[in-house]
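If you want the building blocks of each chain, they are given just below.
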Amino acid sequence: MISKELKAKAANFLQNITQHDELAEIVDVLKECTSTNDALTPCLLVLEHVFTELLKQNAFPLLADVSDDKSVPWLTAKYEETFRVIISGICHEKQSEGVQAMVTAMRLISAETRFGTPDVKIFPMEKLKQILEQLLSPKRQTNYLINRFSEYSSYPDVLHFTWKLIPTLAPKGKSPSDMFTQNFLALLGVLAITKEITSKENLCVQPPAHEKVFDYQTARKCLNRTWSCISLWKHTEENHKQLLIVLLEKMLVHLDKPILLTDFLMESLDMGGAIGLLALQGIFILIQQHNLTYPNIYEKLYSMFEPEIFHTKFKARLFYLADIFLSSTHLPESLVAAFAKRLARLALVAPPQDISIILYFIGNLIIRHPGLKRLLYHHTGGQVPQDPFIMDERDPVKSSALDSQLWEVAALQQHTIPTIATAAKFISNPLPNTEWDLSSVLEINENDIFDQEIKKKAREYALSFEKPMSMYKPKSDRTLQFWNLF
């Protein structure tokens, strides 16, 4: 049925709402399109318009206002049936149709709350729960739906009731499927939680001017209940990384007892790689803000610097953490020298964009710890048959870094990329009084380096005594004595 016919039937029904057949036909078309995965948008828009108008006119009572299930009016039953069909359309195989189904459902929730029974306006929690259940599909990724839902979760009332529902959607006692976990973590990633959410008016509920719908303490309790569930699930490596990101960026500051995360973070730290790096950041927060004691933290940080770290998206986070951990001037020189030496060795195999970060980082360590200047010019002089630095030593203090030199940085002065060669020359020049700003190079990539190089103006060198004015050689060229071109 084409859109014009649907609109005509909707108009006829709104003129006389006792003609039930018109509305029933439109709902039947939506059911058929849903079952056959045809386009839903025309039906969705027409039904959204019809029921919004009916809700404005209070043409039928909502199901929550009907006392006896046996006496549910026809329009009320048809509205509930239609809403269930719309919910089923969210899992449409075409993403744009699924998004439109979710948008229609959210608009009907808004209209139901705004234009429902005047005396009592209750937020339809059950309908919102049905939408969230579709977002948390155990069979397929729903990032496209979650991203669109994030626009609605920015409203204080939707955010408040979503947080109240989240703990009820987290399975307890058993681990859900990997796809459900992935969608669940993605949903948590878009839900805000803060004490002050006043940027927008409410989507549905309109409280008195002195009241707020969103309650931080309620949301915080729900967050803690949610964490107690998901922390017990079994996670794949990818989901484990996503869990740590959500924990660090969204949940950690709102947990009642963050110190209880210690065991979880310790186990994650032992896994190494990107997971270990994210866990290291969590441990640092516990050390800094909750007085956690971790005696081998520098050994763990030292072990993070492997060639593989340059091929992950978390390398900037590692340098940021290392810069904070090594900021104290009371650290042993042997410890800091080990970091400088290990990074210098890694610079020989690192991608060009990471070499710049390493060089500035090493320079900052030497500025911060003047005793490391002995790595530039060894105090005993002379030559040694091999570098005394032990790269494979896991304890940085025992790596004999102070007996070595930064010959790797000197070698990089001959690098083919001029930017890197120039940066490596800091060991041959007087060091500045202030440290280099790492933020300018942490996010640089190979394309940025290439663009910088081609924008530089190369110096022009004369290749002949006479400036060529044409394609022919100058008259004084002796080759003309032996070759006759024309």
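Quick caveat: nothing in here was measured; it's all calculated off a predicted structure.

Cut-offs used in this document
- Residues numbered from 1 in each chain as written.
- Predicted model: local features only at pLDDT ≥ 70, side-chain atom pairs only at ≥ 80, totals over all residues.
- Heavy atoms only, no water.
- Helix = DSSP H or I, 4+ residues; strand = E, 2+ residues; numbered from the N terminus.
- Buried < 20%, exposed > 50% of the residue type's maximum accessible area, 1.4 Å probe, protein only.
- Contact = heavy atoms within 4.5 Å.
- Core = buried A, V, L, I, M, F, W, Y, C linked by side-chain atoms within 4.5 Å.
- Phe/Tyr/Trp six-rings, centres within 6.5 Å; stacked < 30°, edge-to-face > 60°.
- Salt bridge = Lys/Arg side-chain N within 4 Å of Asp/Glu carboxyl O.
- Axes fitted to C-alpha atoms, helices over the stretch in contact; angles between N-to-C directions.
- Left-handed = near helix turned anticlockwise from the far one by under 90°.
- Nonpolar A, V, L, I, M, F, W, Y, C, P; charged D, E, K, R; others polar.

We now examine the overall build of the protein chain. When helices and strands are tallied, the protein chain shows 21 helices and 0 strands. Across the 486 residues of the protein chain, 47% fall into the buried class. Pairs at least 24 apart in sequence give 72% of the contacts found in the protein chain among residues at least 6 apart.

What follows concerns the nonpolar core. Counting residues in each nonpolar core, the largest one holds 155 residues, and the members touching the most others are Trp163, Phe184, Leu247 and Ile362. Once residues within four sequence positions are removed from consideration, phenylalanine 184 is found in contact with Leu136, Ile166, Leu169, Ala170, Thr226, Ile230 and Trp233.

Let's shift gears to the environment of valine 29. With respect to the helices and strands, the residue valine 29 is situated in helix H2 (residues 20-36). Residue valine 29 is classed as buried on the basis of its relative accessible area of 13%.

A word on unusual backbone geometry. Positioned with a positive phi, asparagine 37 is a non-glycine residue whose angle comes to about 60°. Secondary-structure assignment places asparagine 37 in the loop between H2 and helix H3 (41-56). Residue class for asparagine 37 comes out partly exposed when judged on its relative accessible area of 31%. Phi angles above zero are rare outside glycine, and serine 400 is one such case at about 60°. Residue placement: serine 400 occurs in the loop between helix H17 (352-368) and helix H18 (407-411). The class of serine 400 is partly exposed, set by a relative accessible area of 27%.

Attention shifts here to the packing of aromatic side chains. Under the definition given, this model contains 15 aromatic pairs. Relative to phenylalanine 83, the ring of tyrosine 79 lies with its centre 6.5 Å away and its plane at 50°, an arrangement referred to as tilted. Of the two residues, tyrosine 79 and phenylalanine 83 both sit in helix H4 (residues 74-88), 4 residues apart, roughly one turn of that helix. Grouping residues by exposure puts tyrosine 79 and phenylalanine 83 together as buried.

Take the pattern of salt bridges next. Within this structure, the stated rule accounts for 22 salt bridges. The closest approach of N and O atoms between glutamate 25 and lysine 9, which form a salt bridge, is 2.6 Å. Remark: lysine 9 occurs in helix H1 (residues 3-15) and glutamate 25 occurs in helix H2; sequence separation between them is 16 residues. Of the residues examined, lysine 9 reaches a relative accessible area of 18% and is grouped as buried. A salt bridge links arginine 345 to aspartate 387; the nearest nitrogen and oxygen atoms lie 2.9 Å apart. Of the two residues, arginine 345 is situated in helix H16 (residues 333-347) and aspartate 387 in the loop between H17 and H18; the sequence distance between them amounts to 42 residues. Arginine 345 sits in the partly exposed class, given a relative accessible area of 22%. Within the structure, one salt-bridge network assembled from shared partners comprises Lys341, Arg345, Asp387 and Glu408.

Before going further, it helps to examine the packing of helix H12 (residues 262-270) against helix H13 (residues 273-290). Remark: H12 packs on H13, axes separated minimally by 8 Å, with the N-to-C direction vectors making an angle of 145°. Seen from above, H12 lies across H13 with left-handed handedness. Within the contact between the two elements, H12 uses Thr262, Leu265, Met266, Ser268 and Leu269 and H13 uses Ile275, Gly276, Ala279, Leu280, Gly282, Ile283 and Leu286. Of the residues contributing to the contact of H12 with H13, the split by class is 8 nonpolar, 4 polar and no charged.

In short, geometric facts, not functional conclusions.
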